[in-house]
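Per-entry structural report
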Amino acid sequence: MLIECTKKEFEKHVDFAYELALDLSRSGYPTYRDGIKTKPMFVERLLKAFERDDEQVLLFVRDGDVQGVIHYYWITEDRYLQTIAFCINDGTEQALSEFIAFIGERFKGYEVNMGFPAENTNAVNYLSGRGFECIEDDFNNTAFLDKCGNIPEHSDTVRADKDNFESFRVLHEQYEDDMYWNSDRIFEALDDWIVFVKEKDGTPQGAVYYEDLDDGWYEIYGIDIDQGKYAPELFKQLLETAVADARRRGGRFMTFFCEKEYEESALECGFVCIGNYLCFKARLD
């Protein structure tokens, strides 16, 4: 069964929960096996839930024993819900069944998103068989920037600013659809973004865009190629631009969720594959 977790209960079970968070077969995303996130970060993030009105932590209890922790948040105005931690030692299918029933009562009409490693076959098989749509199937990669070797810099890729942003918009509008970070939102928050665009004869060919997550950690949100063409050399050039720029800024890590068709290019640029990330979506009717 699921019971609401208090701060005191969480502190009692935190070591057990973190052990599960390191096991790809018994946890969800975000993973703590990426070589970046640490136990203090895990604890700090979950403790914030006890101070917020739009987050909750649940304990999964089976046969009288605590078997896991579930942490989720919701955005009322967007009718959106997402798990932040789904760490279950035993009984993943039961935990998912009870969790979906639980939020289904409280959040009717909401869209729910849940991410899991492919290694967590119990979760993946359960959601796949219960009408959840797999909306993302990527490789989760980490670049340890001080170990990436010689990464070339490309002078023909140009940083986008508010004066030349339209070159990026031309590309990004081909991809954004339901994406939260559409061209307008990125433009409004451009001081928080790093965007590079590659042009040929005045026409944008591709772009890479990423954020500084603080403390030397960067995350690539996307690489857009004009017309969705398969262009591994261009893709690699844009990725090299991002890695070289982050390293020049004193960065330590870079995260990139890469499509399967370009994973080889990511590895050639010094990224290390952490695992296969799957994101599932459904509407709570």
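Now for a look at the structure at hand. No experiment lies behind these values; they were computed from the predicted model shown.

The next subject is the pattern of salt bridges. Enumeration over the complete set of coordinates arrives at 17 salt bridges. Among the charged side chains, a salt-bridge network with shared partners connects Glu 153, Asp 245, Arg 248 and Arg 249.

Time to look at the packing of helix α3 (residues 92-106) against helix α4 (residues 121-128). Close contact between α3 and α4 brings their axes to 9 Å; oriented N to C, the two are set at 45 degrees. Considering their axes alone, α3 and α4 lie oblique with respect to each other. When the axes of α3 and α4 are compared, the crossing they make is right-handed. Packed against α3, whose contacting residues are Thr 92, Glu 93, Leu 96, Ser 97 and Ile 100, the element α4 presents Asn 122, Ala 123, Tyr 126 and Leu 127 at the interface. Split by residue class, the contact of α3 with α4 holds 5 nonpolar, 3 polar and 1 charged.

Glancing now at a negative patch on the surface. A cluster of acidic side chains, namely Asp 53, Asp 54, Glu 77 and Asp 78, defines a negative patch on the protein surface. Take Asp 53: its relative accessible area is 74%, and that puts it in the exposed class.

Moving on, we get to the packing of helix α1 (residues 7-21) against helix α2 (residues 39-48). Running from amino to carboxyl end, α1 crosses α2 at an angle of 140 degrees, the nearest separation of the two axes being 10 Å. By the criterion of interaxial angle, the relationship of α1 to α2 is oblique. The way α1 lies across α2 gives a crossing that is right-handed. Every residue of α2 that contacts α1 at Lys 7, Phe 10, Glu 11, Val 14, Asp 15, Ala 17, Tyr 18 and Ala 21 is listed here: Lys 39, Phe 42, Val 43, Leu 46 and Leu 47.

The rules behind each value
- Residues numbered from 1 in each chain as written.
- Predicted model: local features only at pLDDT ≥ 70, side-chain atom pairs only at ≥ 80, totals over all residues.
- Heavy atoms only, no water.
- Salt bridge = Lys/Arg side-chain N within 4 Å of Asp/Glu carboxyl O.
- Axes fitted to C-alpha atoms, helices over the stretch in contact; angles between N-to-C directions.
- Helix = DSSP H or I, 4+ residues; strand = E, 2+ residues; numbered from the N terminus.
- Parallel < 35°, antiparallel > 145°, perpendicular 65-115°, else oblique.
- Left-handed = near helix turned anticlockwise from the far one by under 90°.
- Contact = heavy atoms within 4.5 Å.
- Nonpolar A, V, L, I, M, F, W, Y, C, P; charged D, E, K, R; others polar.
- Patch = residues over 30% accessible without salt bridge, like charges linked within 9 Å, V, L, I, M, F, W, Y side chains within 5 Å.
- Areas by Shrake-Rupley, 256 points an atom, 1.4 Å probe, with all protein chains shown as cover.
- Lys, Arg positive; Asp, Glu negative; His and termini not counted.
- Charge placed at Lys NZ, Arg CZ, Asp CG, Glu CD.
- Buried < 20%, exposed > 50% of the residue type's maximum accessible area, 1.4 Å probe, protein only.

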